[in-house]
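# Coordinates in review
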Amino acid sequence: MNTITMNAHQALFSRRGWTAFLIALLLVCAVAPLLNLWVPEGQVLHLSDYAVALLGKIMCYAICALAMDLIWGYTGILSLGHGLFFALGGYAMGMYLMRQIGSDGQYRSELPDFMVFLDWKSLPWHWSFSDSFVATLALIVLVPGLVAFVFGYFAFRSRIKGVYFSIITQAMTYAAMLLFFRNETGFGGNNGFTDFKRILGLPIATPQMRMGLFVLTGLTLLACLLLARWIMAAKFGRVLQAVRDAESRLMFCGYSPLPYKLAIWTLSAVMCGVAGALYVPQVGIINPSEMSVANSIEIAVWAAVGGRGTLIGPIAGAFAVNGAKSWLTVSAPEIWLYFLGALFVGVTLFLPQGLAGLAKKLTRRGASKT
Amino acid sequence: MICSGWKARVMALAMSMWLSQAFALTGEQARTIASGDEDTDARIAAMNAALAVAAVQPDARLQPFLQALAAEELKLAGTQLLIVHADGRVKDALSGASVRALPTTPLDDVSLNNRLRGELDQALAALKLFSSHTSERLAAAKALQQDASEARLPLLANALAQESDAGVRAELQLASAAALAGSADVNKRLHAAKLLGGSSNPGTLLLLNQRLAEESDTAVTSALKNSLRRVQGSLAWGEHLGALFTGLSLGSILLLVALGLAITYGLMGVINMAHGELMMIGAYATYLVQLGFRQWLPAGLFDYYLLAALPVAFLASAGVGAVLERLVLRWLYGRPLETLLATWGLSLALMQAVRSLFGAQNVGVENPSWMSGGLQLLPSLSLPYNRLLIILFAGLVLAGMSLLIQRTRLGLFVRGVTQNRPMAACMGVNTARVDTLTFALGSGIAGLAGCALSQIGNVGPDLGQSYIVDAFMVVVLGGVGQLAGTVYAALGLGLSNKLLEGVVGAVLAKIAVLVFIIVFIQKRPQGIFAMKGRSAEA
């Protein structure tokens, strides 16, 4: 794995790293909006609405992959429950968006359509704060964070690790999916939430709003990257890597791994929740299938393909895998699952360091030749 | 339908028939039943009258007549009633004689409404009370317990007088109690209410509730309530036992599904997420064997296809498992999380392969005839044969597997390699080959599970996905490397799932069980039966 340098202060990025970061910032905040909104349609440089929607979606996935990397790549704990945190953030946002529909739904009622359909007369208790945007922002952070904290506290306290942890996180996600599928839970059953009309009182389907969400997602992704980099450059990050590489030895050195694991686990869950909240208004739907077992495992694959234990790798992995997915599921849908399966197997067998490892190897080989 | 001009002649005809022969079914009655000038009450009354006479004086013509009426084969040609069979044969409904030439008058259909249809079904059931087969009489007596009317009483009394079989007599008594319960006489109702308490038929519950809603007399009401409680009591038994049985059945299925995992995960430490897909392969192998039997072998042998499918399913899954182990898993030993991802990828590819080969729809796997039906233990408890056989089969697979692991040379090697790989290698055991064989064995057992599942559920590309989470729960709960733990965990999960289902519903029961497992693993991270020893965690 990575060599751990022992100097106490590590720069966040190298000079080249900062340059790349700024270019990415520029691309997201200026170039993409210009190409999409300002360059007229039909021109070569025009960025189509489809591409904006797709890239926005993939950037949400990239946040998830980054979150997965923090807990799996750096701390060595494979979570199969990140789909749940993603969906929890998404549902918190979805509730707000449902309330924003107001009485423009199909049944012209103040209540969301599915509640009218179920013949409910008033909002259930867990919807009480859903009309406030500030409360929704708090929920997006608090709900996944709290669930992760409680679950993680008990799991890490009894030193559940490795595959056991993966499997019980899977059980948790599966149980939550079953719960959300029920109409009685008050989250729209298997249809979930859709038909959003407004956000903050502004119509949701305009190009400007789409671009706004795109820029917001891009900024969040870059902020998450900075945060992750900052954590991993500090002592805290080193301890996490020590948990990954030799937990028993770390404990003999007098460290208690519990607070470290719990903190990074909760942070990772919150990042996923934020990604989910950004995802829902862009995609326009949230339903319990986001919590399916397969989705959570796919997040792990983005991180694995990109390269665990590097920060830029998982982001690249999310772009590569989802780019291939959106291309293949349209052009050759029957190939897609073969491709994904082969990707799983190939990466684990031949590219344990992922794309990032491959790039590093190639550059090193190039450097040694010259 | 009938012109009024014909009325006089109809009457005359009826009179002459009545005088000539004292039949249960007179022409007049037959015509009233058939048309009755659209007066449903009159038609039902005529039918009941005919039945009442038939109870004393059996009349062979009544049953074909009513059957023809139910099948809408009865036609009116003026005054003549004809039975026009679907194959074109025409008979006179009253004399039974074949009619060569159809009359010139246009044939009128005999109309039926829903109320009449219900009465007709009852009447046909009543006629079966006099059948020569005990089972037919029993079925008829049971059928008559549902919405019986007082008009049936003479018929039932008559049947009761002739009946010799004790079982049928009991049902007949209940049927007459059910008929009496609607009587206008309070004493009769009271008597009936008490009698009905002896029933253990789920339909009686409905009847008692209906009566309770209509009853005004307090003595009868309390008798009805009492009976209701008794019936509920005897039914509850059946329900509890039924829940227990479905729990056991689910447990045996979980056991079958988890046994293969207990080998691949428990003994080898391979997190095989493609386990479900190996089951799916077993199920599709069963499907192919079934197709082969239907295509090439005589129909009489079809019932035995399942016996041939068992080894085929085992070998198909074991073969795929061996290939996977050689090509992929071999390189991932000692890296469980990577194994998890790789096998998940394999499962996706296998699912897609099956989808490309067989289509995304479910394929139909038929039960052999000896597996359909069930064992009727109590009136409210029937144990389907396929479920019973799967419980038996799970037991057999378990026994075979533990024999194989404990008593054979291969089993010895497997245990040796699991416990201490380098030492086993030093003793000359070809550990690589043992790995392949062990994984193939685990996969083959998954194939057997798939073959069993094909008999109770849908066979489709998603078959494995629905069981994989449960299977891992069983193995994790039972404790890695422990067959006994797997058995206890499978049965425990199956039973608790089904028993909870009766209280809180299916989804909440499932959630409760999952939450229980999550909490349980906090307390005992190594499962019910932890491996004892010094093997320190890595």
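Residues numbered from 1 in each chain as written. Chains lettered and ligands numbered in written order. Predicted model: local features only at pLDDT ≥ 70, side-chain atom pairs only at ≥ 80, totals over all residues.

### Points about the overall build of chain A
The criterion, for reference: Counting from the N terminus, the helices are the DSSP runs of H or I reaching at least four residues and the strands are the DSSP runs of E reaching at least two. Here the radius of gyration uses the C-alpha set of atoms, whereas the globule reference equals 2.2 Å times the residue count to the power 0.38. Here exposure depends only on C-beta density: within 10 Å of a residue's C-beta, 20 or more other C-beta atoms make it buried, 12 or fewer make it exposed, and intermediate numbers make it partly exposed, the C-beta atoms being placed from the backbone.
The helix and strand inventory of chain A stands at 13 helices and four strands. On C-alpha atoms alone, chain A measures out to a radius of gyration of 21 Å, which is about the 21 Å that the 2.2 N^0.38 rule sets for 370 residues. Relative to its 370 residues, chain A shows a buried fraction of 44%.

### A closer look at the confidence of the model for chain A
Threshold: The pLDDT value expresses, per residue, how confident the predictor is, ranging between 0 and 100. Residue pairs qualify as contacts under a 7 Å threshold applied to their C-beta atoms, which are placed from the backbone.
In this model, chain A carries an average pLDDT of 87, and 96% of its residues clear a pLDDT of 70 or more. Every residue in residues 1-7 of chain A is under pLDDT 50, and counting partners more than four places away or in other chains gives six contacts.

### Observations concerning the domain arrangement of chain A
Residue and element names in this part refer to chain A. Quick reminder of the rule: Segmentation into domains, and thus their bounds, comes from an automatic or database assignment. Each residue is assigned to one of three groups, with Ala, Val, Leu, Ile, Met, Phe, Trp, Tyr, Cys and Pro labelled nonpolar, Asp, Glu, Lys and Arg labelled charged, and all others, Gly among them, labelled polar.
When the domains of chain A are assigned, the result is domain 1 (18-47) and domain 2 (60-291). The gap between the C-alpha centroids of domain 1 and domain 2 is 29 Å. Residues of the side of domain 1 that touches domain 2, tallied by class, amount to eight nonpolar, one polar and no charged.

### Notes on the sheet that holds strand S1 (residues 74-77) of chain B
Residues and elements named next belong to chain B. Quick note on the threshold: Only strands joined by at least two bridges in the DSSP assignment are considered to pair.
The four strands are arranged S3-S2-S1-S4 in an open sheet whose pairing can be described as antiparallel. Two strands close off the open sheet at either side, each with one partner strand: strand S3 (90-92) and strand S4 (108-109). Taken together, the two bridges between S1 and S4 define a ladder with antiparallel strand orientation. Following the sheet pairing, Lys-75 is matched in S4 by Asp-109.

### A look at the interface of chain A and chain B
Interfaces are often sized by the amount of accessible area the parts lose when they come together. The interface of chain A with chain B comprises 36 residues on the first partner and 32 residues on the second. The element contributing the most residues to the side of chain A that touches chain B is helix H6 (residues 162-181) of chain A, with 13 residues.

### Section: the nonpolar core
For clarity, the cut-off: Put simply, a nonpolar core is a cluster of buried Ala, Val, Leu, Ile, Met, Phe, Trp, Tyr and Cys residues tied together by C-beta atoms within 7 Å.
Counting residues in each nonpolar core, the largest one holds 201 residues, and the members touching the most others are Ile-63, Cys-64, Ala-65 and Leu-66 of chain A together with Ala-258 of chain B. By residue number, the principal contributor to this core is helix H2 (residues 49-73) of chain A, which donates 16 residues. In this view, Ile-63 of chain A contacts Thr-220, Leu-221, Cys-224, Met-271, Val-274 and Ala-275 of chain A; residues no more than four positions away in its chain are not counted. By size, the runner-up hydrophobic cluster in this structure holds 56 residues, among which are Val-53, Leu-69, Ile-83 and Ala-123 of chain B.

### A look at unusual backbone geometry
Residues and elements named next belong to chain A. Even without being glycine, Asp-119 reaches a positive phi, approximately 65 degrees. Within the secondary structure, Asp-119 sits in the loop between helix H4 (113-117) and helix H5 (133-157). Even without a glycine there, the phi angle at Leu-200 is positive, about 55 degrees. Its location among the elements puts Leu-200 in the loop between strand S2 (198-199) and strand S3 (202-203). We classify Leu-200 as exposed; it has 9 C-beta atoms within 10 Å.

### What about the packing of helix H11 (residues 312-331) of chain A against helix H12 (residues 333-350) of chain A?
Residues and elements named next belong to chain A. For clarity, the threshold we go by: Interaxial angles span 0 to 180 degrees and are taken between N-to-C directions of axes, which are lines fitted to C-alpha atoms, for helices over the stretch in contact. In these notes the angle categories are as follows: under 35 degrees is roughly parallel, over 145 is roughly antiparallel, 65 to 115 is roughly perpendicular, and the rest is oblique.
In the contact formed by H11 and H12, the axes pass within 8 Å of each other and the chain directions differ by 155 degrees. In terms of their interaxial angle, H11 and H12 are classed as roughly antiparallel. Residues Val-321, Ala-324, Lys-325, Leu-328 and Thr-329 of H11 touch H12, and the partners they reach there are Pro-333, Ile-335, Trp-336, Phe-339 and Leu-343. Residues belonging to the contact of H11 with H12 are distributed by class as follows: eight nonpolar, one polar and one charged.

### Section: the pairing of strand S2 (residues 80-84) of chain B
Residue and element names in this part refer to chain B. The element S2 is extensively covered by neighbouring structure, given that four of its five residues are classed as buried. For S1 and S2, the ladder comprises four bridges, and the chain directions are antiparallel. Looking at the pairing, Leu-74 lines up with Ile-83 of S2. What sits between the antiparallel neighbours S1 and S2 is a turn of two residues, in which Gly-78 has the positive phi angle 65 degrees. Joining the antiparallel neighbours S2 and S3 is a turn of five residues, in which Gly-88 adopts a positive phi near 100 degrees.

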